[in-house]
Amino acid sequence: MLGSADMMANDHDTVLATMTFNLVAPAGVIAPVGVQLRYDSRNPYEISMKLNVGTDGQVDWVIARDLLADGLIAEAGEGDVRIRPRLDSSGVVVIELSSPSGQASFEVNADQLADFVNDTYDVVAPGDEHRWMNVDEVLSRLLSHNL
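In this text, all values refer to a predicted model and were calculated from it rather than measured experimentally. (Residues numbered from 1 in each chain as written. Predicted model: local features only at pLDDT ≥ 70, side-chain atom pairs only at ≥ 80, totals over all residues. Heavy atoms only, no water.)

Draft legend 1. Structural detail: the overall build of the chain. A tally of regular secondary structure across the chain gives 4 helices and 7 strands. Across the chain, helices and strands are ordered from the amino to the carboxyl terminus as α-β-β-β-β-α-β-β-β-α-α. Residues counted as buried form 31% of the 147 residues belonging to the chain. Restricting the contact set of the chain to residue pairs at least 6 apart, pairs at least 24 apart contribute 37%. For the chain, the exposed area adds up to about 9000 Å²; of that, 51% sits on carbon and sulfur atoms. (Helix = DSSP H or I, 4+ residues; strand = E, 2+ residues; numbered from the N terminus. Buried < 20%, exposed > 50% of the residue type's maximum accessible area, 1.4 Å probe, protein only. Contact = heavy atoms within 4.5 Å. Areas by Shrake-Rupley, 256 points an atom, 1.4 Å probe, with all protein chains shown as cover.)

The following block contains the structure:
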């Protein structure tokens, strides 16, 4: 008989959402960018973002689910990803991404992001992430990448 943790590790679910992030250029010009957010209970701590950058294809980012949730209500993040509500109480969240190849600032509808985060909580409740991890699988992935 399988224990509840084993059952969770084998009963995975995915949440997908497509939305528009508004890229804010230094001159204040705004350009819409199509983004797909993906949450998979196999990786319960992370959210994948695929940003459609037109003819250049797409840019992929992985961020912590907790960071996205925290950034909906207060400034969050210290490194390459920073998320915060816009100061004017407009219902907009600012997501700033930095990498060696550049940086970008996006404005996103806070309600849409909150709906997505809440949908992920329906799949894996906050604090239950560890119950969805397959430790052997995670260790195997880490060791295969020599981390």
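What follows continues from the structure just given.
Draft legend 2. Up close: a negative patch on the surface. A grouping of Asp-111, Asp-115, Asp-119 and Asp-122 is seen on the molecular surface, where their side chains present a negatively charged patch. Checked against the element boundaries, Asp-122 lands in helix α3 (residues 110-123). Given the relative accessible area of 66%, Asp-122 is considered exposed. (Patch = residues over 30% accessible without salt bridge, like charges linked within 9 Å, V, L, I, M, F, W, Y side chains within 5 Å. Salt bridge = Lys/Arg side-chain N within 4 Å of Asp/Glu carboxyl O. Lys, Arg positive; Asp, Glu negative; His and termini not counted. Charge placed at Lys NZ, Arg CZ, Asp CG, Glu CD.)

Draft legend 3. Looking closely at the sheet that holds strand β6 (residues 92-99). Read across the sheet, 7 strands follow the order β4-β3-β2-β1-β7-β6-β5 without closing on themselves; strand pairing throughout is antiparallel. Unpaired on one side and paired on the other, β4 (58-64) and β5 (81-85) mark the two borders of the sheet. The average angle at which neighbouring strand axes cross in this sheet is 30 degrees, direction not considered. Sheet topology places strand β3 (residues 46-52) next to β4; 7 bridges connect them, and they run antiparallel. Bridge assignment links Asn-52 to a residue of β4, and that residue is Gln-58. (Pairing = 2+ DSSP bridges. Axes fitted to C-alpha atoms, helices over the stretch in contact; angles between N-to-C directions.)

Draft legend 4. Region of the structure containing α3. Relative to the 20 Å expected for 14 residues at 1.5 Å per residue, α3 spans 20 Å between its end C-alpha atoms, a close match to the ideal helical length. Where α3 is concerned, the buried positions are Ala-110, Leu-113, Phe-116, Val-117, Thr-120 and Val-123. Seen along its axis, α3 keeps its buried residues to an arc of 140 degrees; they face one direction. Of the residues in α3, the exposed ones pointing more than 90 degrees away from the buried face are Asp-111 and Asp-122. Here the buried face of α3 lies against β1 (14-24), β2 (30-40), β3, α2 (65-71), β6 and β7 (102-109). Between the side-chain oxygen of the N-cap and the backbone nitrogen of Asp-111 there are 2.9 Å, and the N-cap of α3 in question is Asn-109. (Expected span 1.5 Å × (residues − 1). Arc of directions from axis to C-beta. Polar contact = N/O pair within 3.5 Å; in protein donor to acceptor, adjacent residues only side chain to side chain.)

Draft legend 5. The arrangement of the pattern of salt bridges in detail. By the definition in use, this model includes 6 salt bridges. In this structure, the salt-bridge partner of Arg-38 is Asp-40, at a minimum N-O distance of 3.8 Å. When its relative accessible area of 11% is taken as the criterion, Asp-40 is described as buried.

What is shown is where atoms sit, not what they do.
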